[in-house]
Every structure is written in structure tokens, then in C-alpha cells.
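Here is how the chains run, residue by residue.
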Amino acid sequence: SHGLYRQLPLIQISDLTGAYGVTFLAALVNGVLGEWTLRRWPAHAANTGVRQLYAGTATAIALLAATLGYGYFRLGQVDFDKATDARGPRVAVIQHDFPLVSTPPYGDHPSLVLASYLALAAEAARGQPDLLALPETVWNAYQNIDFIERREVVPEVGPGLWDWSSACHQAVSAFARGDYAAVNTVITDLEHRVRRLAQARPELNLPTRLPRLPAENGPRMTVLVGAVSLEQFPEATYPKLKRFNSALIYDPDGAQRRQRYDKTHLVPFGELVPFRQAKFMGFQLHWLYRWLNSLSPFSQGGKDEYSLTPGTEYTVFEFPTANGPRRFAAPICYEDATPYVIRRFVWDGAIRRVDFLVNISNDGWFLHSNELPQHMAICAFRAVENRVSIARAVNTGISGFIDPNGRIYSEVTKDGRRFGRGTIGYAVEPVYLDQRASLYGRLGDWFAGVCLALTAVLWLSGILERWILAARQKLRALFAKGGP
């Protein structure tokens, strides 16, 4: 999948069938090649089923030609570079390089991460974007406005949580309204705290100097940021806390909206340990959850319950631009690997819900591996399937922009590299608006369902055929022995 997104005519079939269409076509072609190979070995099988082989080969060639023809047709419907009316709002995507590991302290100090990202975002803000996107949960604060306003101490998650989360909220709020002096004040206060901790715990090797923003103020803008949201339910028996992996919006006046998106499709064991509140045939399975949780490296041997709660709504955000309000949604991390999730963001039947998508991810867990370009390639299929532009802001990369034809037209690079140690930067580009419909967007996974049904029929017919042949052989053997 490293370079699959570059085969643009081929992947245009995705807007008919989802990524399953490309998978089906690849399987068909591979099957024909396998058949031709097997017909030559062993030698006595060379002439068996030749007519069937030729028919299968002709079918594969016809489908491949039809796929390429459809792809070129769809690509020729619009040239986004030349269609000025297709240019939408300007979006800035920010990418720093903070790898993560599964053992404490998991990565760089969060104060350094916060200051570094906001300093880099201030550079991107010079491009006057309509929307600036920061990645998913890079500094790991509980930043939802409901929690910030309640000013409550939460013993279950450790001391100092509200102070740290409030500092992150104040910094992002000040950044959104262009008050860089206020951002620097927050950073200076955090720097003093880190220095005091470094003196008390020199073995932690903490930073003693944090980046700053420019002294002059910046432009006011809408900011999208990934953070953890925390909701408390003191009257509940269990759990008393619910955590969400969220996308938050700060408006140009610095106010955080109460409307947020909570990730709906959580990663098993990475974000959610199974069976937390599950029952099977009336039996409580919480004991199984406890055991699985104790095996996770994030639970400190079962002491911590880190599981998140999935969201329930596919939130659409609206923000102002010079050409009027625009709508977007913010799928988080590997939600862009799940076709039906992205479809629900973009389409409500034949009605388009958003103008574009912003995928915020934190791929620091994968260090600087080939997973990063693979994740970008996966995302290209979602753009084609739904005929929607996607901007990606990803910690460690790859951040960039994908047009509705699946073409990656801008990426954050450094010294010609799209990912790797030290690949830090930003990109500010317009997102393209597409008015075309998508059959997959309207109808969903009908093709996959049909393929599954046909596979089940063929599988069952194969079993039945084997039973019938076995029964015939037994009857022949019985009659050959002079049976009744």
C-alpha cells in the first residue's frame, strides 16, 4: 500500500464500491495469474478446464479495462487545479516530531510538546489560514470546556490535573485570538514548573527551556485541536469517570465551543479494553476486562483504567470564511481506515453533510516506520470513496492534503523527506470542494455485502458438492462389493 494511492485511475472505482472494489479486482487478477501458473504444473493438468481458464482470463481483462476506463472518466470530470470555483477555505496543518512509547513517561514532557506545537503554529498562522489544525492529543490534557469550568479536583487521575489542563486551555484560547503575549506568559509559568521539577528529579532529564511565540500578536483564527475530554458522574456506581478522545474547536475570539466530536471507533486495547461493562447471556464479564486490563502496558499492572468511552455522534463543525460559512468533520486517527465511519461523516443518504474533512492523528506510536506512508495511502481511498478533500495534521507525519480524486497535492516535508526523524513543519493550502455524488457514499457497503453473500454461496456449494461426491463414492464402493 506504500504507493497505491498514486495509481489514480485504478482507485477511482472506490467511489462505486469502496476500497473493496480494488481488493476484489486485485484478487481476480491474482487468481487468473495463479491459474495460469498452476496449469503448467503438474504437466498432466495443463489441458484440464482450458475453456474455463480462458473465460476467467477474459473476464478479468474486461473488468480491469472497465475499471481503468471508469477511472479516467471520473478523473476527467474536474481538474481541481484549474477550477477556481472548487477552491475552498485555506487550512493549515501542523506537524512536529514527538515519538511515543508504551512505558512511562511515554514521550517528551507535555509542556515541551505544547510550547513547541504552538510556536510552530504561530509560523503557519502567517499564511492567514481560515482554519488551523493541530494533531490528536499531542500534549494529553483534559481540555473540554465543561471540565475546565467546573474547577474540580479529580483524585482518580492524579494531582495537578486541572491546573495543567487549564494552562493548556488558556494557551490555545490565547493563540486562537492572536494574543501571543498571553501564550508566552502561560509558557513561562510552565517553564518555571518544569525547572523546579528538574531540580528535584534530575534523573528525569527534563527540558529547562521551552520555545516561545513571536512578541508581536498574530491573526485571529479558528483552531482545531485534539485533546482528552473528561466527564464525571459522582452519583454513578461505576464508572465515575468517562474519558473521550475528542476534537475541540476554538473560535477566533478564543472561546472553546461546547460542541465537540468524541471519537466513535476506538482502537481495541490501545484506547479501549474489551468487556468493561459487557454481559453475555446475563453473565457479567467485568472479571475478563480486569484480567485483560492488567496485561496492558498502559495500565501499570492493572492499577490504572485507561479505557476511553466511544462517542455516539458524527459531529459536523461550521466556521466562517470570506466566502461564507463552511462545514467540516474531524475523524480521529485510524477512523480514516474504516470506510463506513468516514461515509457517515460525509453523507446522509444523497445529502452531503460536509464540505471537507480534517483527519487529526498521532502516529508517534509508530515511531518513523513505513506505517506513516501506509496511513496516508489508506486515507486517499476515503477521499475517493466519498469525493471529499481531506487535510491531515499528524504528529510525526505524514501531514498534507488529498483532493477528492485521491491525489496528494501537498505534504509537510523537510529536506525532501515526508517522514523520519526531525521532519517538522507545516503546510497551508486551500481544500478543494467537490459537488460530485458518490455511489458508495449514497449506498454504502452493498458491493461488499454482495461479495460476502456470493462467497458464502460458493463455500456452501463447495461443501455440498464434496458431500455428494463422497456419498457417491461410498455407494459405488458398496455396490462393487455386492452390497444390498
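No experiment lies behind these values; they were computed from the predicted model shown.

**Some points on the layout of surface pockets**
For the second largest pocket, the calculated volume is near 200 Å³. Lining the second largest pocket are Phe24, Cys451, Leu454, Thr455 and Leu458. Among the elements that line the lining of the second largest pocket, the one with the most residues is helix α13 (residues 446-480), at four residues. In terms of residue class, the lining of the second largest pocket is built from four nonpolar, one polar and no charged.

**What to know about a nonpolar patch on the surface**
Where nonpolar side chains cluster on the molecular surface, the patch consists of Leu439, Leu443, Trp446, Val450 and Leu454 and spans about 450 Å² of accessible area. Contributions of two or more residues to the nonpolar patch are made by α12 (439-443) and α13. At three residues, α13 tops the list of elements feeding residues into the nonpolar patch. Tracing the backbone through its elements, the reader meets leucine 454 in helix α13.

**Topic: the side chain of aspartate 15**
Mapped onto the secondary structure, aspartate 15 falls in helix α2 (residues 14-17). Here aspartate 15 falls in the buried class, since its relative accessible area comes to 1%. A polar side-chain atom of aspartate 15 sits 2.9 Å from a polar atom in the side chain of tyrosine 70.

**Brief notes about the side chain of serine 389**
Tracing the backbone through its elements, the reader meets serine 389 in strand β13 (residues 389-395). Classification of serine 389 as buried rests on a relative accessible area of 1%. Within the local environment of serine 389, its side chain forms a polar contact with the backbone oxygen of tyrosine 432, the two atoms lying 2.6 Å apart. Discounting residues that sit within four places of it in the chain, serine 389 has contacts with Phe356, Leu357, Ile402, Asp403, Pro404, Val431 and Tyr432.

**Quick word on the sheet that holds strand β12 (residues 356-362)**
Across a sheet, paired strands are connected by hydrogen bonds in the backbone, their directions being either parallel or antiparallel. Spatially, the six strands line up as an open sheet ordered β8-β9-β12-β13-β14-β15, and their pairing is mixed. Strands at the two margins of the open sheet, each flanked by one partner only, are β8 (317-319) and β15 (408-411). Direction aside, neighbouring strands of the sheet carry axes that sit 25 degrees apart on average. Across three bridges, strand β14 (residues 400-402) lies against β15 in antiparallel orientation. Opposite glycine 400, over in β15, you have glutamate 411 as the bridge partner.

**Here's the deal with the pairing of strand β3 (residues 222-232)**
Buried residues dominate β3, accounting for 10 of its 11 residues. The pairing of strand β2 (residues 131-133) with β3 spans three bridges and is classified as parallel. From the neighbouring strand, alanine 133 faces β3, where its bridge partner is leucine 224.

**Things to note about the nonpolar core**
In terms of nonpolar packing, the biggest core is built from 48 residues, with Leu224, Phe328, Phe345, Leu357 and Val358 touching the most fellow members. Examining the composition of this core, we find that five residues originate from one element, helix α11 (residues 371-386), more than from any other. Residue contacts for valine 358: discarding those within four places in its chain leaves Leu131, Ala133, Leu224, Phe328, Ala329, Ala330, Pro331 and Ala391. Ranked by size, the runner-up nonpolar core spans 42 residues in total, among them Phe98, Leu132, Met221 and Val225.

**Details of the pattern of salt bridges**
All told, the structure shown has 22 salt bridges when counted by the stated rule. Its salt-bridge partner being glutamate 149, residue arginine 258 comes within 2.8 Å of it at the nearest N-O pair. Of this pair, arginine 258 sits in the loop between β4 (241-250) and β5 (261-262) while glutamate 149 is found in helix α6 (residues 145-150), placing the two residues 109 residues apart along the sequence. Given the relative accessible area of 47%, glutamate 149 is considered partly exposed. Close ionic contact of aspartate 434 with arginine 436 constitutes a salt bridge, the shortest N to O distance being 2.8 Å. Like arginine 436, aspartate 434 is buried. Here the salt bridges share partners, and the residues they tie into one network are Glu191, Arg195, Arg209 and Arg212.

Thresholds applied
- Residues numbered from 1 in each chain as written.
- Predicted model: local features only at pLDDT ≥ 70, side-chain atom pairs only at ≥ 80, totals over all residues.
- Heavy atoms only, no water.
- 1 Å grid on protein atoms, 1.4 Å probe; cavity = no way out; pocket = protein on both sides within 12 Å on 5 of 7 lines; lining within 4 Å.
- Points joined across faces, edges and corners; volume = space filled by probe spheres on them.
- Helix = DSSP H or I, 4+ residues; strand = E, 2+ residues; numbered from the N terminus.
- Nonpolar A, V, L, I, M, F, W, Y, C, P; charged D, E, K, R; others polar.
- Patch = residues over 30% accessible without salt bridge, like charges linked within 9 Å, V, L, I, M, F, W, Y side chains within 5 Å.
- Areas by Shrake-Rupley, 256 points an atom, 1.4 Å probe, with all protein chains shown as cover.
- Salt bridge = Lys/Arg side-chain N within 4 Å of Asp/Glu carboxyl O.
- Buried < 20%, exposed > 50% of the residue type's maximum accessible area, 1.4 Å probe, protein only.
- Polar contact = N/O pair within 3.5 Å; in protein donor to acceptor, adjacent residues only side chain to side chain.
- Contact = heavy atoms within 4.5 Å.
- Pairing = 2+ DSSP bridges.
- Axes fitted to C-alpha atoms, helices over the stretch in contact; angles between N-to-C directions.
- Core = buried A, V, L, I, M, F, W, Y, C linked by side-chain atoms within 4.5 Å.

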